[in-house]
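Below, each chain spelled out in residue letters.
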Amino acid sequence: MSRRKLIVGNWKMNGLLAQIGEIEAIDRLAQEKPKVEVGLCVPATLIHAASGVARSAFIGGQDCHMKDSGAHTGCLSAAMLKEAGAKTVIAGHSERRTDQHETSADVAAKAVAAHQAGLNVILCVGETEAERDAGNAEAVVSEQLLDSLPQNAAAAWLSIAYEPIWAIGTGRTPTMEEVDRMHRALREALRSRIGADADNMRILYGGSMNGANAGDLLAIADVDGGLVGGASLTAEKFAPIIEAASAAG
Ligand code: PGA
């Protein structure tokens, strides 16, 4: 099964127009490694400017509302992100599940709205440290995935990001065996819902991915890419991850 490696930066609440040169530099990395699909999910305020300079990397948003329009002060619809230049949006990042109390049903509704507006989706799932310690991480995350996955999910527009919450921004990662076991479990869960298309759907790993560990993580058979926070903020730190994906792909 050949799934093109997908490496996506998640800038979270980082980045002003002053960083546009960094986006240009990341775009050049994408151009140099055409085997890899590279994206950058920037703050919504940067989508327009970023998509104006990105030629090889795609630009994405980090969240959208599930409704098309209405009285939702401060929120953005998928169509607004699309108009600004986004091609993709992240749905259900654990920081939003925690900080904005997003449920899996909300996440599924957001994914549907994004697809209707013509955006691709990166749907995030992951366990807490307590859930991992209790020994049932695969079951918990598989259930979360099936609860968050929209009925019409298809590999053509949706990817999964497995992000253990305790690994995000901490410098800690699961062992390679744990990542392997989780990605296999998620592939099985996908198969139970979408059948053979599960083999086409990319499952990214996220959580303290960096230049030092990307090669090992991306060599795992069911790891089809990465969702990268801190190490995507500069081209210098992002470059070895894109290179590792190109070598593994
Ligand atoms: P990190 O973030 O790479 O900084 O751990 C990953 C993410 O939250 O998407």
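Our structure is the block above this text.
Everything numeric here is computed off the predicted structure, so don't read it as measured data. The residue count restarts for each chain, going from 1 along the sequence in the order it is written. Confidence filtering applies because this is a predicted model: local features only for residues at pLDDT of at least 70, side-chain atom pairs given and counted only at 80 or more, and all residues used for totals across whole chains, interfaces and linings. Side-chain figures throughout are based on the complete set of non-hydrogen atoms in the structure, without hydrogens or water.

Draft legend 1. Just the side chain of S104, in detail. Counting from the N terminus, the helices are DSSP H or I runs at least four residues long and the strands are E runs at least two residues long. The residue S104 is located in helix α5 (residues 104-116) in this model. Apart from residues no more than four positions distant in its own chain, S104 is found in contact with R97, Q144, D147 and S148. Contact between two residues is taken to exist if any of their heavy atoms lie within 4.5 Å; hydrogens are not considered.

Draft legend 2. Inspection of unusual backbone geometry at higher detail. Even without a glycine there, the phi angle at H101 is positive, about 55°. Considering the arrangement of structural elements, one finds H101 in the loop between α4 (94-99) and α5. Overall, the relative accessible area of 62% leaves H101 in the exposed class. For S208, which is not glycine, the phi dihedral falls at a positive 55°. Within the fold, S208 resides in the loop between β7 (203-206) and α9 (214-218). Three labels apply to residues, based on accessible area from a 1.4 Å probe with only protein chains included: buried if under 20% of the type maximum, exposed if over 50%, partly exposed otherwise in between.

Draft legend 3. Fine view of the site of the ligand. By nearness alone, 13 residues border the ligand, and K12, H93, E163, G169 and S208 come closest of all. Here a polar contact is recorded for every N or O atom pair within 3.5 Å, except that within protein the pair must consist of a potential hydrogen donor and a potential acceptor, and residues adjacent in sequence are included only if both atoms are side-chain atoms. Here an oxygen atom of the ligand sits 3.4 Å away from a polar atom, N or O, in the side chain of N10. At 2.7 Å from an oxygen atom of the ligand is found a side-chain nitrogen or oxygen belonging to K12. In these tables, accessible area is a Shrake-Rupley quantity obtained with a 1.4 Å probe, and a residue counts as shielded only by the protein chains included in the view. Protein coverage of the free-state accessible area of the ligand, which is 280 Å², stands at 95%. For the shell around the ligand, a count of residues per class yields four nonpolar, seven polar and two charged. If a single non-hydrogen atom of a residue is within 4 Å of a molecule or strand, that residue counts as near it. Under this grouping Gly is polar, as are all residues other than the nonpolar Ala, Val, Leu, Ile, Met, Phe, Trp, Tyr, Cys and Pro and the charged Asp, Glu, Lys and Arg.

Draft legend 4. Spotlight on the sheet that holds strand β3 (residues 58-61). Strand pairing is defined by DSSP finding a minimum of two bridges between the two strands. With parallel pairing, the eight strands of this closed barrel are ordered in space as β1-β2-β3-β4-β5-β6-β7-β8. For this sheet, the mean angle separating the axes of adjacent strands, direction not counted, is 25°. Taken together, the two bridges between β7 and strand β8 (residues 225-228) define a ladder with parallel strand orientation. Opposite G206, over in β8, you have L227 as the bridge partner. Comment: axis = line fitted to C-alpha atoms, over the contacting stretch for helices; angle = value between 0 and 180 degrees taken between N-to-C directions. On the sheet, helix α8 (residues 176-194) packs against β5 (120-125), β6 (158-162) and β7 and is oriented at approximately 145° with respect to β7. Against the sheet, helix α10 (residues 235-248) touches β1 (6-10), β2 (37-41) and β8, its axis set at about 160° to β1.

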